[in-house]
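Geometric and topological summary
These are the residues of each chain, in order.
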Amino acid sequence: MLKVEHIGIAVKDFNTSITLFEKLLNTSCYKTETVTGENVNTAFFKQGETKIELLESITSDGVIAKFIDKKGEGIHHIAFEVTDIETEMKRLQDEGFILLNEVPKQGADNKLVCFLHPKNTNGVLIELCQERM
Ligand code: ZN
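Reading guide: rules and limits
Residues numbered from 1 in each chain as written. Predicted model: local features only at pLDDT ≥ 70, side-chain atom pairs only at ≥ 80, totals over all residues. Heavy atoms only, no water. Helix = DSSP H or I, 4+ residues; strand = E, 2+ residues; numbered from the N terminus. Rg over C-alpha atoms; globule rule 2.2 N^0.38 Å. Buried < 20%, exposed > 50% of the residue type's maximum accessible area, 1.4 Å probe, protein only. Contact = heavy atoms within 4.5 Å. Areas by Shrake-Rupley, 256 points an atom, 1.4 Å probe, with all protein chains shown as cover. pLDDT = per-residue confidence, 0-100. Pairing = 2+ DSSP bridges. Axes fitted to C-alpha atoms, helices over the stretch in contact; angles between N-to-C directions. Donors = N, O, S within 2.8 Å, 3.2 Å for Na, K, Ca; no water. Tetrahedral: all angles 85-135°; square planar, octahedral: opposite > 155°, others 65-115°. Core = buried A, V, L, I, M, F, W, Y, C linked by side-chain atoms within 4.5 Å. Phe/Tyr/Trp six-rings, centres within 6.5 Å; stacked < 30°, edge-to-face > 60°.

Turning our attention to the overall build of the protein. Each helix and strand in the protein was counted, giving 3 helices and 8 strands. Here the C-alpha radius of gyration of the protein, 14 Å, is about what a compact globule of 133 residues would show, namely 14 Å. In terms of principal-axis extent, the alpha carbons of the protein reach across some 40 × 30 × 25 Å. Relative to its 133 residues, the protein shows a buried fraction of 44%. Within the protein, counting contacts between residues at least 6 apart in sequence, those at least 24 apart form 53% of the total. When the accessible surface of the protein is totalled, it reaches about 7,600 Å², and 51% of it is carbon and sulfur.

Here is the structure:
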């Protein structure tokens, strides 16, 4: 894995949180994007090498809505950048990790992504992401 590409944070109110993070990080949100397959709005901030991704559910039963119902707002996942997502998926599967996606799927920010089940990763949802060519 190359680096922490971004940290995903589940939020209830998108615009309020964008304003808050703009103040906190002293930088503007450079991109918002709706990922319809995941029922989320995403907003991105750059901080050096790493990004912060805010996630807001666009449906009341989406994964982010369910996460907030259970745990409240907060860190939702940590995303690691990889050069070859399929090779990394195979490696992790062979190590006994449980992949939540059998094949890489389209994520926000022009990425191919795959998530690992948090029950094998100390409760932390891990995302692998690879820049799309
Ligand atoms: Zn993410």
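Across the protein, the average pLDDT comes to 95, with 100% of residues at or above 70. Here strand β6 (residues 105–107) stands out as the element of the protein with the lowest mean pLDDT, 91, in contrast to strand β5 (residues 74–81), whose mean of 98 is the highest.

Time to look at the sheet that holds strand β7 (residues 111–116). On the basis of which strands lie adjacent, the open sheet formed by 8 strands has the order β2-β3-β4-β1-β5-β8-β7-β6 and mixed pairing. Across the chains shown, the open sheet's two edge strands, defined by having one partner strand only, are β2 (31–35) and β6. Mean inter-strand twist for the sheet, computed between neighbouring axes without regard to direction, equals 35°. Taken together, the 7 bridges between strand β1 (residues 3–10) and β5 define a ladder with antiparallel strand orientation. Bridge assignment links G8 to a residue of β5, and that residue is H77. Helix α3 (residues 85–94) contacts β7 and β8 (126–131) of the sheet and is inclined by roughly 155° relative to β8.

Protein ligation of the zinc ion involves H6 (NE2), E53 (OE), H77 (NE2) and E127 (OE), the donor distances falling in the range 2.1 to 2.3 Å. Here the zinc ion binds 4 donor atoms, and the angle range of 83 to 170° at the metal identifies the geometry as irregular.

Moving on, we come to the nonpolar core. Formed by I9, V11, F14, I18, F21, L25, C29, A43, F45, I52 and L54, the largest nonpolar core amounts to 11 residues. Among the elements of the structure, α1 (14–25), β3 (40–47) and β4 (50–57) are those that each provide at least two residues to this core. When residues of this core are assigned to their parent elements, the largest contribution, 4 residues, is made by α1. With residues up to four places along the chain from it excluded, the contact list for F21 reads I9, N26, F45, I52 and L54.

One pass over the full model with this rule turns up 2 aromatic pairs. Measuring from centroid to centroid gives 6.1 Å for F21 and F45, while their planes differ by 40°, and the two rings are tilted. With F21 in helix α1 and F45 in strand β3, this pair connects stretches of sequence that are 24 residues apart. For F21, a relative accessible area of 12% translates into the label buried. Pairing Y30 with F44 gives two aromatic rings, centres 6.4 Å apart and planes at 45°, and the pair type is tilted. On the criterion of sequence distance, the pair formed by Y30 in the loop between α1 and β2 and F44 in strand β3 is long-range, its members being 14 residues apart.

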